[in-house]
Amino acid sequence: MELLPRSPAEFGSARYWDRFFRQRGQRPFEWYGAFPELCPVLHKYVRPRDKVLVVGCGNSELSEQMYDLGLCQDIVNIDVSDAAVRQMRERSASARPKMSYLLMDMLQMDFPDAHFQVVLDKGTLDALLTDEEEATLAKVDQMFAEISRVLQVGGRYLCVSLAQAHVLKKAVEYFSQEGWVVRVHQVASSGDKQQFVLPVFVYVMTKFRKIPGSAAQILEICPEEQDKPMRVQSAEQLVAAVKDRQHYALLCSQISKTPCREQVSLDLCDKESGKPRYTLHVVDSPSVKPSRDNHFAIFIIPQGRETEWLFGTEEGRRQLAASAGFGRLLTVALHREQRYEGMAGIQAELSGKVMELAPPGLPARQQVPFLSVGGDIGVRVVRHCGSSPLSGEFVVEDVKGDGTCYFRRLIFLQNRNVVQSEARLLAPTPLPGQKKRRKDKKKGSPTEPPGAIDRSYLCCEHHKAMVAGLCLLGGPDALPGELAVLVVGLGGGSLPLFVHDYFSQARVAVVEIDPSMLEVATRWFGFSQGDRLQVHVSDGLDYVAKLAAEAPAQYDAVMFDVDSKDLTVGMSCPPPAFVEKLFLQKVKTILKPEGVFVLNLVCRDTRLKESVLAALRAVFPLLYARRIQGEVNEILFCQAGPTGRREPTELGARARALEGALRQPGRPWDSSYALADTLQAVLIL
C-alpha cells in the first residue's frame with residue numbers, strides 16, 4: 001500500500017489526504033509528538049475554558065486525549081480530507097459532545113474574527129511548507145493571515161514542528177514582524193524509540209496588537225531541560241539555537257548505536273548566561289573487553305588541569321580511557337567562568353544529560369560511576385582578569401596540581417586551552433609558635449592557595465630545555481662566565497628570571513611587545529628588573545633589526561619564546577615573520593661567533609615546519625632539536641660558529657657539567673630539570 005505522495009506538493013492536496021486516510025483505515029496517524037510528550041507544553045498555554053481550533057487535524061488522537069483528560073473540551077477540528085473528518089466524527093460523536101469536526105480549508109475559514117483563544121497545529125505547517133517556491137510561500141502567508149484573524153488578542157498559536165530551518169525562519173519572521181511574542185519549546189522525549197530522530201519543537205506565538213513604528217521583537221527559546229526561556233536577539237539566532245539542538249539529537253542517536261571511531265567533543269552551556277559550562281569528550285576504547293560493570297563512566301577533570309597532556313589531548317584522553325578500563329569514558333572539563341558546588345552538585349547536574357551519550361549495549365538501570373583525581377573537583381581561584389589590545393582578554397589563576405602543589409597560570413582566552421605562563425607557588429611557612437590554620441570544612445569552598453612565587457622552579461618543560469641549551473656556550477667542563485642573553489617574549493617572566501638568578505654573571509635583556517604583560521609579570525609572577533635584568537617594551541622584529549644595524553655580535557644567546565596572535569596559521573610559536581630567512585640573518589648578526597640561538601617552535605603544519613627548518617639550515621649550519629614529550633613544542637638549538645658538530649653524548653656531558661655548576665649549596669634545585677637527559681635526547685638536523 002503506497003501512502004507517500006508522488007511529490008511534496010501533494011501534501012497540500014485534499015485528494016491526496018482523502019486517499020491517504022481511506023487506505024490507512026481507522027488506525028490513528030501521528031506525525032510526531034505523542035500526547036504524553038506534548039502535555040507539559042500544552043498545559044502551559046491551553047486553559048480549560050479556552051476555545052481551541054485544531055487545523056489539519058487528520059485522524060490524530062491529540063484532540064481526543066486533550067478532551068478526555070480535561071485539558072480542554074471546547075475544541076473545533078478542521079481538515080480538508082472528507083474521509084478523515086467522517087472517520088473522526090464517528091469516533092467522537094457520542095463520547096465527546098462538546099467537540100466538533102468540520103470539513104474546512106484553513107486557508108479560507110468560515111469563522112468570525114477573534115473567535116478562538118488557541119489555534120493548535122500538529123505538523124500541518126510542516127506539510128504545507130515543503131519548499132520555498134513563490135506559490136508555496138503565498139499559501140503559507142494566507143494560512144498565517146487566517147490564523148491571525150480568528151485568534152483573539154492574547155491568543156496563542158501553538159505549532160508542533162520538526163523545525164526545519166526554512167519552516168522555523170518563515171514562522172518566526174512573519175509573526176515577530178506582526179508584533180507577536182515568539183517562543184520555541186523543545187519537547188522532552190519519552191525515552192522510547194522515536195519515529196523521528198530529530199527532536200520535536202512547539203512554536204508558541206502569542207498575539208499582541210501591533211504598535212506602529214515599533215521594531216522591537218521578543219524571541220525566546222525554552223530547552224527541554226529548563227522552564228525559564230532564554231532571550232535571543234534575532235530570527236537567525238533562534239534558528240541557530242534550534243539547529244544546535246537538532247545536531248545534538250543526531251549525535252546522541254548516532255553514538256548510542258555505534259562506537260565512536262573519533263573522539264566527539266561538545267559544550268554544555270550555562271542556562272542563564274548561555275556560556276559554556278562543561279566541555280565533554282566522548283572517548284571509546286575498542287581494546288576494553290566489555291562486561292556488565294565497565295561499559296560507561298564519567299571522569300570529572302579537576303579545575304585548572306584541563307590543559308595537561310592526559311586531559312587536554314586526544315592521545316592523553318585515549319590513554320586515560322584505556323587505563324580506567326571502561327569501554328566508553330566521558331571526560332568533563334569545568335570552565336573558569338562558572339561556579340560549581342562540589343562533586344555531588346556536578347553529578348546531580350549532569351546525571352540526566354550524560355546518559356544521552358551512553359554507549360550501545362549499556363544494561364538497563366546500570367549504575368554509571370563518576371570518577372576524578374583524588375575524588376574532588378580541584379581548586380581554581382581567578383586572581384586577575386584583564387585585557388589588552390595586543391593579547392586580548394586574559395586571566396591569571398591559581399590552580400591545585402597533582403598532589404599538594406599549587407601553580408599560578410596566565411591564560412589568553414582566545415586560546416584558553418593553552419597555558420601561556422606558569423609558576424609554582426610556595427607553601428606558606430608558619431612563624432615560630434604560630435599554629436596552623438584549621439582547614440575550612442565548609443562543603444564546596446576551596447582551600448585558599450598560597451601566594452608567593454617559587455622563582456627557583458621552571459614549570460614548563462620547554463623552558464628547562466632552553467636553559468639546557470646554554471651548555472653549548474663556554475668550555476666543555478665549565479659554567480659559562482659572563483653572558484649576554486636576549487630573550488624575546490616575556491610572558492610571566494620565569495625564563496629570564498631563572499637565567500638571571502642561576503647565572504650570576506649573566507646580563508639579561510627581555511623584549512616584550514605588550515606592556516600589559518610586563519605589568520602582569522611584575523604584579524602576579526614575582527618578576528622584577530635590576531642592573532642585570534632589563535625589559536624593553538618593543539616589537540621583537542624591530543628591536544633585533546635595530547641591533548643588527550647598530551650593535552652586531554653582542555649576545556652569547558638569543559632565545560625566542562614568543563607566541564603568535566594569529567590562530568589561523570598552523571604555527572602558534574613564533575609568528576612566521578620571526579623565522580623568515582632575512583630576519584634569521586639579523587639574529588645571526590647580533591650573536592657572537594660561537595653564540596647559540598634557541599627557538600621554541602610550536603608548529604602543527606608539516607609543510608610549514610619543513611620550510612622553517614629549511615630557513616634555519618640556510619643561516620645556521622649546526623642545528624639540534626629537542627622534542628618535548630607529550631607536547632607539540634620542539635626546542636631548536638642553532639649555531640653558526642666554528643665549534644663543529646657535537647654528538648648527543650658530548651652534549652649530555654656538557655649539560656651534566658652545567659647542572660653541577662648550577663647546583664650550589666643553599667640554592668634550591670629540582671631533580672626534574674635533568675639537563676643532561678634533556679640534551680642527550682636531541683636530534684641532529
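The text that follows walks through the structure, step by step, so that each part is easy to find. In this text the structure is predicted, and so the values were computed from the model without any measurement. (Residues numbered from 1 in each chain as written. Predicted model: local features only at pLDDT ≥ 70, side-chain atom pairs only at ≥ 80, totals over all residues. Heavy atoms only, no water.)

### Here's the deal with the nonpolar core
Here comes step 1: Residues Leu-53, Leu-125, Tyr-157 and Tyr-203 are the most contacted members of the largest nonpolar core, which totals 44 residues.
Here comes step 2: Looking at this core element by element, the count peaks at 6 residues for helix α7 (residues 165–177).
Here comes step 3: The residues touching Leu-125, leaving out its near neighbours within four places in the chain, are Val-140, Met-143, Phe-144, Tyr-157, Cys-159, Val-167, Ala-171 and Tyr-203.
Here comes step 4: Grouped together as the second largest cluster of nonpolar side chains are 39 residues, Leu-458, Leu-490, Tyr-624 and Phe-637 included. (Core = buried A, V, L, I, M, F, W, Y, C linked by side-chain atoms within 4.5 Å. Buried < 20%, exposed > 50% of the residue type's maximum accessible area, 1.4 Å probe, protein only. Helix = DSSP H or I, 4+ residues; strand = E, 2+ residues; numbered from the N terminus. Contact = heavy atoms within 4.5 Å.)

### Focus on the sheet that holds strand β16 (residues 392–400)
Strand-to-strand pairing in sheets goes through backbone hydrogen bonds, with the strands running parallel or antiparallel.
Here comes step 1: Reading across from one edge, β15-β16-β17-β18 is the order of the 4 strands in this open sheet, with antiparallel pairing throughout. Strands with a single pairing partner mark the edges of an open sheet, and in this sheet they are β15 (380–388) and β18 (419–425). Averaged over all neighbouring strand pairs, the angle between strand axes comes to 15 degrees, with direction disregarded.
Here comes step 2: Taken together, the 8 bridges between β15 and β16 define a ladder with antiparallel strand orientation. Considered in β16, the bridge of His-384 is made with Val-396. (Pairing = 2+ DSSP bridges. Axes fitted to C-alpha atoms, helices over the stretch in contact; angles between N-to-C directions.)

### Some details on the packing of helix α16 (residues 581–590) against helix α17 (residues 606–619)
Here comes step 1: Close contact between α16 and α17 brings their axes to 9 Å; oriented N to C, the two are set at 40 degrees. On the basis of their axis angle, the class for α16 and α17 is oblique. For α16 against α17, the interelement crossing comes out right-handed. Each of Lys-581, Leu-584, Gln-585 and Lys-588 in α16 lies in contact with α17, whose residues at this interface are Ala-615, Leu-616, Ala-618 and Val-619.
Here comes step 2: Of the residues in the contact of α16 with α17, the class split is 5 nonpolar, 1 polar and 2 charged. (Parallel < 35°, antiparallel > 145°, perpendicular 65-115°, else oblique. Left-handed = near helix turned anticlockwise from the far one by under 90°. Nonpolar A, V, L, I, M, F, W, Y, C, P; charged D, E, K, R; others polar.)

### Observations regarding the side chain of Arg-305
Here comes step 1: Topologically, Arg-305 is positioned in the loop between β12 (296–300) and α9 (309–312).
Here comes step 2: A distance of 2.7 Å separates a polar atom in the side chain of Arg-305 from a polar atom in the side chain of Glu-308.
Here comes step 3: Beyond its immediate chain neighbours, meaning those up to four positions away, Arg-305 contacts Phe-311, Val-373, Lys-400, Gly-401, Asp-402 and Arg-409. (Polar contact = N/O pair within 3.5 Å; in protein donor to acceptor, adjacent residues only side chain to side chain.)

### Concerning the pattern of salt bridges
Here comes step 1: On inspection of all chains with the given rule, the structure shows 32 salt bridges.
Here comes step 2: For Arg-231, the salt bridge is made with Glu-220, and the minimal N-O distance between the two is 3.3 Å. A residue pair is termed long-range when its members are at least 10 positions apart, and Arg-231 in strand β9 (residues 230–232) and Glu-220 in strand β8 (residues 218–222) qualify at 11 residues.
Here comes step 3: Here the residues in one salt-bridge network are Glu-64, Asp-68, Arg-91 and Arg-96, joined through shared partners. (Salt bridge = Lys/Arg side-chain N within 4 Å of Asp/Glu carboxyl O.)

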